[in-house]
Each structure stands twice: as structure tokens, then as C-alpha cells.
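The lines below spell out each chain.
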Amino acid sequence: MGSFETNTRDGDGEARSGRIRTPSGSVETPAFFPVLDFIGGTTVKSGGIWSRVRNRLFGSPKFNGAMYQALSFLNFGLTPDNLDDWREHTLREHFTNHDPPKDWHPQPESFTEPLFIDSGGYRLMQSDTFQVGRGEDVSNDWGIGTTPESVLELQRDFGADIIATLDFPIPEDLRDSEKDERLERSIQSALDTIELLNEDHGDVNTKGWDPTVYVAIHGHNYEEIDWYIGEVLNRVSDPSLIDGFAIGSLVPLRSNIATLVDIVQGAVNAIPEEYRDQFGLHVFGVSGKLFGLMSLLGVDSFDSTTYVQTARNRNFIDPDSWKQTSFVDVSSDSWTCNCEACAELDIDAMRTVMQSDTSYQSIAETKYLKSDFYALMAHHNFLVYEREVEKVRHAIKEGSLLSHVIKLSENNADLRKGLQRAQMRDPELRDDIPKVAFSVDVDPEPLIRDQDSEEPVENSMGTTSLKHTPDDYNVLDRSHEPDAAPVLLVIPCSQTKPYSESKSHQVVESGLDELDDGVYSKLTVSGLYGPVPESDEHLDPITQYDYALNSVDDEQRELVISRLTSYLQEYGNRYDKVIGYVTSKQYRIVFEEAFTNAGVGIILPSNPQRLQLWEMYRDENIGELQDTIEEALCEPTNK
Ligand SMILES: [Zn+2]
């Protein structure tokens, strides 16, 4: 293990270049892993389009590795016996000196590049056949169960170089109780997988197999993914057994670019600085247009089926505009792509074959099948993606990735939204972009506007990010009667609104649920407005803003310190004790200064292991908070 390494990290934002080391060689990052269906039937010739796409990619100098979706063989009508035959040898062995799909095809190149295999968790979960409880034996004909052992054995038999741990994706509309259960199951599976591979006492017969391990992670917003990574790092026996994290559950969200940005930033910020260079970050199912933006946020690798799906729809991706171009619109005058696929494109033959009624039979005079052209389109589309990821790698080394993304975003509203969202949290991106303004500015002049409306773009809540300023809410200007309670608990705001529905506020609340009701009153410190009592959480300005304190906006930090100081001076003495509970760095600075200025209260955790949002959830820290509140109740009052 210890298979990810960072080479340069001095580019824009969180972008970096690096390398994933695997048993089958290294992959330069940022990297694109095209999804490939290796098993398209009973033999290496099976799979129609896939059989041809595989061989095209194996022979391409641009091909650096593939993603195989572990359960995708279920799409091809295999029997359990067929699968057993496949499992006799690794996929690499099957695709070494293998036969071409048709006799007249040239001998294909062997598959030699690194192979990334996911867990198939989504497919396993959807099927009753594979349901097996933890510790139960597998009883179905496939010999596959929804357990870390079973998935790991499948990944081993297929010869994975990089694996993702067994996970259970969370659709957006899942009930909270079911969601929590799935998240816990995914976390436990990751921990089990790591221990099974642990060479000291692992249970899976690894036959010398030593894959690079990516822990699958999930969350629907900034705080959830942060919490998830915190759970994994707090519970794993040794973090160095992890090579990277792979973000799942994003496919349904990919139309919501702001949420995608939040989740990736949440993941990157949740990784402690001491581990940042040694953990790779992969995102599942993100297509080529987003490579630059995602790399800017700190993502190292991607996989996608879009290049094949687009080809199945008979479309080429235009290398310049990224527009999908139907094969009927490709003519020798208009189509100037000179990629290795298009170099062998016979446009007349393509039209004849693709427009003929013959679906399966070879057309005698050309010896082409439709699937030959679908595969050629997929090959071309793959190269468009690969060319983009190469540009991204180059731009990172040149220190010009941000300009590259800004240029791409000129023709792409999604990218503009995404970049704007990213700027909210990443001070570096703001510094680098001249004249850009944020929610704290009185007269916003955003660089990136939606061209149609000339209005600031909308965020995920359907409200504008730039709508609110600190003047929109100030508790000190309101007639305010604090809740009567022995203890005032002061905690930082959350990205999720209302605050009480956020992961961070919910974990603290449930961590304190042994305390009697009414023992403490909660005061949230907003990065935009300063103190917000619980009774005001549902006001529009409080539910609609998006802003988090950072190391750059000094004036904003001073404003929050000043308001919090005044609040504590005015109301602090009404409580037996004022307790600040804060683990993220920027908020801790604010709390410490305001508490000192006001001369009240204490700040917990008294000795956090690191200043990181998820440090809030550590049992010792929650325990210390609870003990301190209980002690306050026993002490003689200071009124
Ligand atoms: Zn081409």
C-alpha cells in the first residue's frame, strides 16, 4: 500500500499531479479510466460493440488503464458456470494474445494496463439473489454475496490492480433511517475490506495479490461527506492501509453542479493535511467536460461510460465544442478530426453500413458491421476525453489550470456555476481571479454570470448565492430574549440549512441526548452574520445564504468576532456557563478571540487532535462536552 503519490501541488486551487502505483504499473494523474466491459458473453470475442471497443483501446497509445464494473457481466446473460470459467483466470490473462471478434480483424494487442474494479455494490443491493448477512455463507449458484469477502474474492479473481471497497449507494430521496443504515454498512464494509487485505492477519487468500485500495465514500452534501471520511479515519486501524477515496452516488447529482462541487470540496477538506499527499481522490461517473474543474478541486482520477453511451446513440463528441455530433452530420468536408480512430474512418462506408437495414450480418462488400462503427465512434470519443485529461495534466504542471477551466466555462453554463460555487470556499481561487466578488461584498460584480440572464447564477437551493450581505441579519439589532437555560452552547454554522438539519448539528445534538431537555440553549455562529439564536434559524436570510469563513476574508472574520463578542458581553452572564464547541480552524480562531474579548466561557474540545470539521464527532470530544455541561449543572451558579 502507500500507492498514491503527489508530485506537484503548487498549481491553482487544490490541483495536483501525481501517480497511482499499481501491481501492473503506474498511472499518471489526473487520469481517466474509461469504463470497459471485459466480459460481454462467454468468450473474449463476445460483446458486440464492447469486443471491438476493448481491442481498439488495448491498441491505443493513449490508453492508460480501465475501469471494470464488477457486476456488469450480469448484463450479458451469463450462467453461473460461465462466470466460473471467467474466474479461472484474471481478465489480463484472458486478454493476452486473445482472438479478435472476427477472423478478418487484425490480431488485437494484449491488455497490459492497470485495471480498476469497483465493488458492484449497487447491482448487488438491487438483487435479492445476492443478499447475504454479515458472517453468513453464500448460498446462491453464483457464489457471490453482498459481503466484503465475496466482493474482494471476485475482484481478486478478475485480477484488479485497484479496487474500490464494497459500498451501498444512496439515492437522493432515501429515507433518513435507511440512508444512515446504508452509510454505516458502507463504512463497515470498507473497514472489513482493509482488514481482510491486511497482510498480518487478512482472511482472504490473496495469492500474493496486493491491490491499491480506494475506500468508497458517500454523502449528499459538504458535511455528510466530511463526516463519512472522519468515521473511516477514526475507525481504521492504520490510515496508511488506505491508498485513496472514491466518491460514489454522484451520478444522479451530476446535473446539479453546485452540489457536486460541495461534495468534492467536503471530501478534500476532510482529509487531514498530513495525509493529503498520500491519498488519491477518485470520482465515479464524471464525464470529460468536468475533468478540469474537478481537478481544480483536488480530484485525481475519473471514470466514465459516456464515451460509449454517446457512440451507442450514433454520436461523435466534437473535439472543439464538446457537442454531440450525429454520424450523419459527419462529412469529409466538415469533419477534420485526425485522431487515430478518425484517421481510419471511411465516411462513405460508415453511412452505407449504419443506414442499412441489416443489423447483424456483415455487408459483403465492406466486411464492416455496424458495431465496427459504433466502436470507432467510442474510440474517437475516448480520445476526446483522454486529450482533455492530458491538457489538464499539462496545465497543472504549467500552473495554468484555472485559466484553462475559465476558458472552457465561457461556453458552458454548468462550468461557470461550478467555478463560482468553488470560489465560495476556496480562497485561492478567489485570489487568482481578478475583480470577482462574493456574498460578503456590498456591490457584487461576479466574473461569471449566466450569459442569458445577466443575473448571478442560482445555487442548489434555487436562491442566489450573492443575495445576502451581513446587513441582512444582525441579532444585536433585533429585540431578542435568549432562551432560559443553564448552559449556552455556541457552535459553528453548517452548509446545510436550516442548521438543525445538518449532519454536524444533528451529530452534536444526538451526542448530547442523554442530557435533560432544556439544559442547554444553542447559539450558532454564522460566517456571514455572526451569532444566530436557535429561534431565528428559520428566517429567510439564515436559510438562504451560502458562505463559510476562510483564511482570506479578514474583514468578514473581524465582523463575526465583533458581533459574537458583543452578544456574549450582553447575554453571556445570564448563563451558568458558556461553552464553545468548535473544531474547524477558521471558526476556532473566531471563537477564541470573541470568548477572550468578552471574558466568558470555555472552548472545547480542550485538546483536539487536529483542527478538522469531523473532529467534532469524535467520541472523546462529544464525551468531554457532555461532561462539561453536566459539571456546569452541579456547580453553584454564578448569578
Ligand atoms: Zn477523431
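Every residue gets a number counted from 1 within its own chain, in the order that chain's sequence is written. Whole-chain, interface and lining totals are the exception, using all residues; otherwise, since this is a predicted model, local features are given only for residues with pLDDT of at least 70 and side-chain atom pairs are given and counted only at 80 or more. The side-chain quantities take in all heavy atoms of the structure and omit both hydrogens and water.

Draft legend 1. Local environment of the overall build of the protein chain. The helix and strand labels rest on DSSP assignments: H or I over at least four residues marks a helix, E over at least two residues marks a strand, and numbering proceeds from the N terminus. For the protein chain, the count of helices and strands is 21 helices and 18 strands. Contact criterion: two residues are considered in contact whenever any of their non-hydrogen atoms come within 4.5 Å of each other. Sequence-distant contacts in the protein chain: of pairs separated by 6 or more residues, those separated by 24 or more amount to 70%. Computed with a 1.4 Å probe, the accessible areas rest on the Shrake-Rupley method; for each residue, only the protein chains presented here act as cover. Accessible surface, the protein chain as shown: approximately 26,100 Å² in total, 42% of it carbon and sulfur.

Draft legend 2. Spotlight on the sheet that holds strand E2 (residues 17-22). Here we have 3 strands laid out as an open sheet, ordered E1-E2-E3, and antiparallel in their pairing. Here the strands that pair on one side only, and so sit at the sheet edges, are strand E1 (4-8) and strand E3 (25-29). In this sheet, adjacent strand axes meet at a mean angle of 25° when their direction is disregarded. The sheet contact formed by E2 and E3 spans 5 bridges and is antiparallel. When the bridges of E3 are listed, Gly18 appears paired with Thr29. When DSSP finds two or more bridges between two strands, those strands count as paired. Only the contacting stretch of a helix is used when fitting its axis, a line to C-alpha atoms as for every element, and angles between N-to-C directions run 0 to 180 degrees.

Draft legend 3. Examining the coordination of the zinc ion more closely. For the zinc ion, the protein coordination sphere consists of Cys337 (SG), Cys339 (SG), Cys342 (SG) and His380 (ND1), at 2.1 to 2.3 Å. Coordination shells were defined by N, O and S atoms within 2.8 Å of each metal, extended to 3.2 Å for Na, K and Ca; water is absent from the atom set, which can make sites look incomplete. Metal sites are grouped by the angles between bound donors: all angles between 85 and 135 degrees with four donors is tetrahedral, opposite donors over 155 degrees apart with the others between 65 and 115 is square planar for four donors and octahedral for six, and any other pattern is irregular. Around the zinc ion sit 4 donor atoms; with metal-centred angles ranging over 101 to 116°, the donor geometry is tetrahedral. Counting along the primary sequence, the residues that act as donors to the zinc ion give the motif C-x1-C-x2-C-x37-H. With relative accessibility at 14%, the residue Cys339 sits in the buried group. Any residue under 20% of the maximum accessible area for its type is buried, any over 50% is exposed, and the rest in between are partly exposed; the area is computed with a 1.4 Å probe on protein chains only.

Draft legend 4. Region of interest: the side chain of Arg425. Mapped onto the fold, Arg425 is located in helix H15 (residues 413-425). A residue counts as positive if it is Lys or Arg and as negative if it is Asp or Glu; His and the chain ends are not included. The term salt bridge refers to a side-chain nitrogen of Lys or Arg lying within 4 Å of a carboxyl oxygen of Asp or Glu. Although buried, Arg425 forms no salt bridge, and the nearest oppositely charged side chain, Asp262, lies 5.2 Å from it. For the purposes of these results, a polar contact is taken to be a pair of N or O atoms within 3.5 Å, where, inside protein, one atom must be able to donate a hydrogen and its partner to accept one; residues adjacent in sequence count only when each atom of the pair is a side-chain atom. A polar contact is formed between the side chain of Arg425 and the side chain of Gln495, at a distance of 3.0 Å. Discounting residues that sit within four places of it in the chain, Arg425 has contacts with Tyr222, Gln265, Asn269, Arg430, Gln495 and Ala548.

Draft legend 5. Expanded view of the pattern of salt bridges. Using the criterion set out here, one finds 27 salt bridges in the structure. Glu231 is the salt-bridge partner of Arg235, the closest N and O atoms lying 3.1 Å from each other. A residue pair is termed a helical-turn pair when its members lie 3 or 4 positions apart in one helix, as Arg235 and Glu231 do in helix H7 (residues 222-235) at 4 residues. For Arg557, the salt bridge goes to Asp554, with nearest N and O atoms at 2.7 Å. A residue pair is termed a helical-turn pair when its members lie 3 or 4 positions apart in one helix, as Arg557 and Asp554 do in helix H19 (residues 554-571) at 3 residues. On the basis of relative accessibility, which here comes to 14%, the residue Arg557 falls in the buried class. Here Asp554 falls in the partly exposed class, since its relative accessible area comes to 43%. A single network of salt bridges, built from pairs that share partners, joins Glu5, Arg19, Arg21 and Glu28.

Draft legend 6. Local environment of the sheet that holds strand E18 (residues 602-604). Across the sheet, 5 strands lie side by side as E16-E15-E14-E17-E18; this open sheet has mixed pairing. On the outer flanks of this sheet lie strand E16 (530-533) and E18, each paired with one strand and no other. Neighbour to neighbour, the strand axes of the sheet diverge by 30° on average, direction disregarded. Across 4 bridges, strand E15 (residues 520-526) lies against E16 in antiparallel orientation.

Draft legend 7. Main features of the nonpolar core. In this structure, Phe73 and Phe245 are the most contacted members of the largest nonpolar core, which totals 145 residues. The element that contributes the greatest number of residues to this core is helix H13 (residues 370-398), accounting for 14 residues. The residue makeup of this core includes at least three contributed by each of domain 1 (4-398) and domain 2 (471-634). To qualify as a nonpolar core, a set must consist of buried Ala, Val, Leu, Ile, Met, Phe, Trp, Tyr and Cys residues joined through side-chain atoms within 4.5 Å. One finds Val532, Ile561, Leu568 and Val590 within the second-largest nonpolar core, a separate group that totals 33 residues. The split of the chain into domains comes from an automatic or database domain assignment.

Draft legend 8. Seen up close, the environment of Pro30. On the secondary structure map, Pro30 appears in the loop between E3 and strand E4 (31-34). Accessibility expressed as a relative area gives 0% for Pro30, which makes it buried.

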